[in-house]
Amino acid sequence: MPEAVIRIENVTKVYGTGEAAAAALSGISLDVERGAWLAIMGPSGHGKSTLLQIMGGLDQPTSGQVHLDGTELTRLRPAELAHTRARSIGFVFQSFNLLSHLTALENIELALWFGGKGDDRARGMALLESVGLAGKAHLPPGALSGGQQQRVAVARALANDPDILLMDEPTGNLDSASEAELLSLLSSLHGQGRTIVMVTHNPAVAERAQRVVHVKDGRIDKERFNGA
Ligand code: ADP
Ligand code: MG
């Protein structure tokens, strides 16, 4: 049996309380093997982003368990969780979450600093270069297009050389040339043994993954293995 690097067991997530309580996840279980490339698809509002955030320890399940590399995330203290996250996970948010008062380069340097690798300007520049944005290093996110901000977010996610990349619609704002470049970057990261989980609405993007899971009403509705 290949090892599961991420194990989601019977996870529920309820937002709100009382009459306003609504389940975003309704008892979902999912194993992601080390080195897998998984795509998550499904209609809007059915729990894809919630699932990804819980996988990355950015949100807590209401019930159920989340294991990352064999460690149960809900048992970790906040500082341990933050450390684990910074070391092994790169996250690309659906809305980028770049800090608007920092430049593109500083956004990446901050992530390098959190990862404990020091504020390495050369590495920050190399990361921006890898997403084709070296020339925009000194601009704040507000001066960049949506697609450029998305690429900065991808570069930031790669800052600490994470084993696991969790990406929420990482190609959602890209033109087709940038999308092709990002997919080839992801292919090479996957080829180096990294685990990739990406939410996408784009069937052509999902096609690049090995496995596609469809989420509906906070549960796995169906899944398929590409090329199998
Ligand atoms: P998807 O990514 O598939 O579009 P989400 O995981 O973002 O879906 O959302 C699933 C459901 O949970 C939606 O009904 C959404 O409104 C709700 N939801 C998500 N985040 C929150 C939150 N922070 N507070 C309250 N409800 C939320
Ligand atoms: Mg979403």
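Above this note sits the structure.
Report follows, based on the coordinates. (Residues numbered from 1 in each chain as written. Chains lettered and ligands numbered in written order. Predicted model: local features only at pLDDT ≥ 70, side-chain atom pairs only at ≥ 80, totals over all residues. Heavy atoms only, no water.)

Some details on the layout of surface pockets
The rolling of a water-molecule-sized probe over the atoms marks out the regions of remaining empty space. In this model, the largest pocket occupies a volume close to 570 Å³. Ala86, Phe93, Ala111, Phe114 and Arg156 are, among the 21 residues lining the largest pocket, the residues nearest its centre. Elements represented by at least two residues in the lining of the largest pocket include exactly helix 2 (78-88), strand 6 (89-92), helix 3 (104-114) and helix 5 (146-157). Counted by class, the lining of the largest pocket contains 12 nonpolar, 7 polar and 2 charged residues. (1 Å grid on protein atoms, 1.4 Å probe; cavity = no way out; pocket = protein on both sides within 12 Å on 5 of 7 lines; lining within 4 Å. Points joined across faces, edges and corners; volume = space filled by probe spheres on them. Helix = DSSP H or I, 4+ residues; strand = E, 2+ residues; numbered from the N terminus. Nonpolar A, V, L, I, M, F, W, Y, C, P; charged D, E, K, R; others polar.)

Quick notes on the coordination of the magnesium ion (ligand 2)
Listed as protein donors to the magnesium ion (ligand 2) are Ser49 (OG) and Gln94 (OE1); their distances from the metal cover 2.0 to 2.5 Å. Taken as a pair, serine 49 in helix 1 (residues 48-55) and glutamine 94 in the loop between strand 6 and helix 3 lie far apart in primary sequence, 45 residues in all. With a relative accessible area of 40%, glutamine 94 lands in the partly exposed category. (Donors = N, O, S within 2.8 Å, 3.2 Å for Na, K, Ca; no water. Buried < 20%, exposed > 50% of the residue type's maximum accessible area, 1.4 Å probe, protein only.)

So, the site of ligand 1
Around ligand 1 lies a shell formed by Tyr15, Ala24, Pro43, Ser44, Gly45, His46, Gly47, Lys48, Ser49 and Thr50. In this structure, an oxygen atom belonging to ligand 1 sits 3.2 Å away from a main-chain N or O atom of histidine 46. One of the side-chain N or O atoms of threonine 50 is found 2.6 Å from an oxygen atom in ligand 1. When isolated, ligand 1 has an accessible area of 560 Å², and the protein chains bury 55% of it. The element that contributes the greatest number of residues to the shell around ligand 1 is helix 1, accounting for 3 residues. (Near = heavy atom within 4 Å. Polar contact = N/O pair within 3.5 Å; in protein donor to acceptor, adjacent residues only side chain to side chain. Areas by Shrake-Rupley, 256 points an atom, 1.4 Å probe, with all protein chains shown as cover.)

Here's the deal with the packing of helix 3 against helix 4 (residues 121-130)
Remark: helix 3 packs on helix 4, axes separated minimally by 9 Å, with the N-to-C direction vectors making an angle of 120°. Here helix 4 runs oblique to helix 3, going by the angle between their axes. Like other packed secondary-structure pairs, helix 3 and helix 4 cross with a definite hand, here right-handed. Here helix 3 contributes Ala104, Leu105, Ile108, Glu109 and Leu112 to the contact with helix 4, which in turn contributes Arg121, Arg123, Gly124, Met125, Leu127 and Leu128. Taken together, the residues of the contact of helix 3 with helix 4 sort by class into 7 nonpolar, 1 polar and 3 charged. (Axes fitted to C-alpha atoms, helices over the stretch in contact; angles between N-to-C directions. Parallel < 35°, antiparallel > 145°, perpendicular 65-115°, else oblique. Left-handed = near helix turned anticlockwise from the far one by under 90°. Contact = heavy atoms within 4.5 Å.)

Comments concerning the pattern of salt bridges
Under the criterion given, the structure shown has 9 salt bridges. Between arginine 194 and aspartate 161 there is a salt bridge, with the nearest N and O atoms lying 2.4 Å from each other. A residue pair is termed long-range when its members are at least 10 positions apart, and arginine 194 in the loop between helix 6 (176-191) and strand 8 (195-199) and aspartate 161 in the loop between helix 5 and strand 7 (164-168) qualify at 33 residues. Here the salt bridges do not stand alone but share partners, grouping Glu3, Arg34 and Asp69 into one network. (Salt bridge = Lys/Arg side-chain N within 4 Å of Asp/Glu carboxyl O.)

Side note on the packing of helix 3 against helix 5
Packed helices, taken two at a time, are described by their axes: the angle between them and the distance between them. Contact geometry for helix 3 and helix 5: axes closest at 9 Å, N-to-C directions at 25°. If you check the angle between helix 3 and helix 5, you find them roughly parallel. Note that helix 3 runs across helix 5; the crossing there is right-handed. Here helix 3 contributes Ala104, Asn107, Ile108 and Ala111 to the contact with helix 5, which in turn contributes Val152, Ala155 and Arg156.

Regarding the pairing of strand 1 (residues 4-15)
Where strand 1 meets strand 2 (residues 22-33), 9 bridges bridge the pair, whose relative direction is antiparallel. By the bridge assignment, valine 14 is partnered in strand 2 with alanine 23. Between the end of strand 1 and the start of strand 2, which pair antiparallel, lie 6 residues, with glycine 16 showing a positive phi angle near 80°. Bridge analysis of strand 1 against strand 4 (residues 63-68) gives 5 bridges, and the strand direction is antiparallel. Note on strand 4: the bridge partner recorded for isoleucine 6 is leucine 68. (Pairing = 2+ DSSP bridges.)

Details of the packing of aromatic side chains
Scanning the model with the defined rule gives 2 aromatic pairs in all. Measuring from ring centre to ring centre gives 5.3 Å for tryptophan 113 and phenylalanine 114, while their planes differ by 65°; the resulting arrangement is edge-to-face. For the residue pair tryptophan 113 and phenylalanine 114, the accessibility class agrees, reading exposed in each case. (Phe/Tyr/Trp six-rings, centres within 6.5 Å; stacked < 30°, edge-to-face > 60°.)

Focus on the sheet that holds strand 1
Spatial strand order, 2-1-4-5: 4 strands in an open sheet with antiparallel pairing. Edge strands, defined here as strands with exactly one partner in the open sheet, are strand 2 and strand 5 (71-72). Helix-sheet contacts for helix 1 involve strand 1, strand 2 and strand 4, and the interaxial angle to strand 2 is about 55°.

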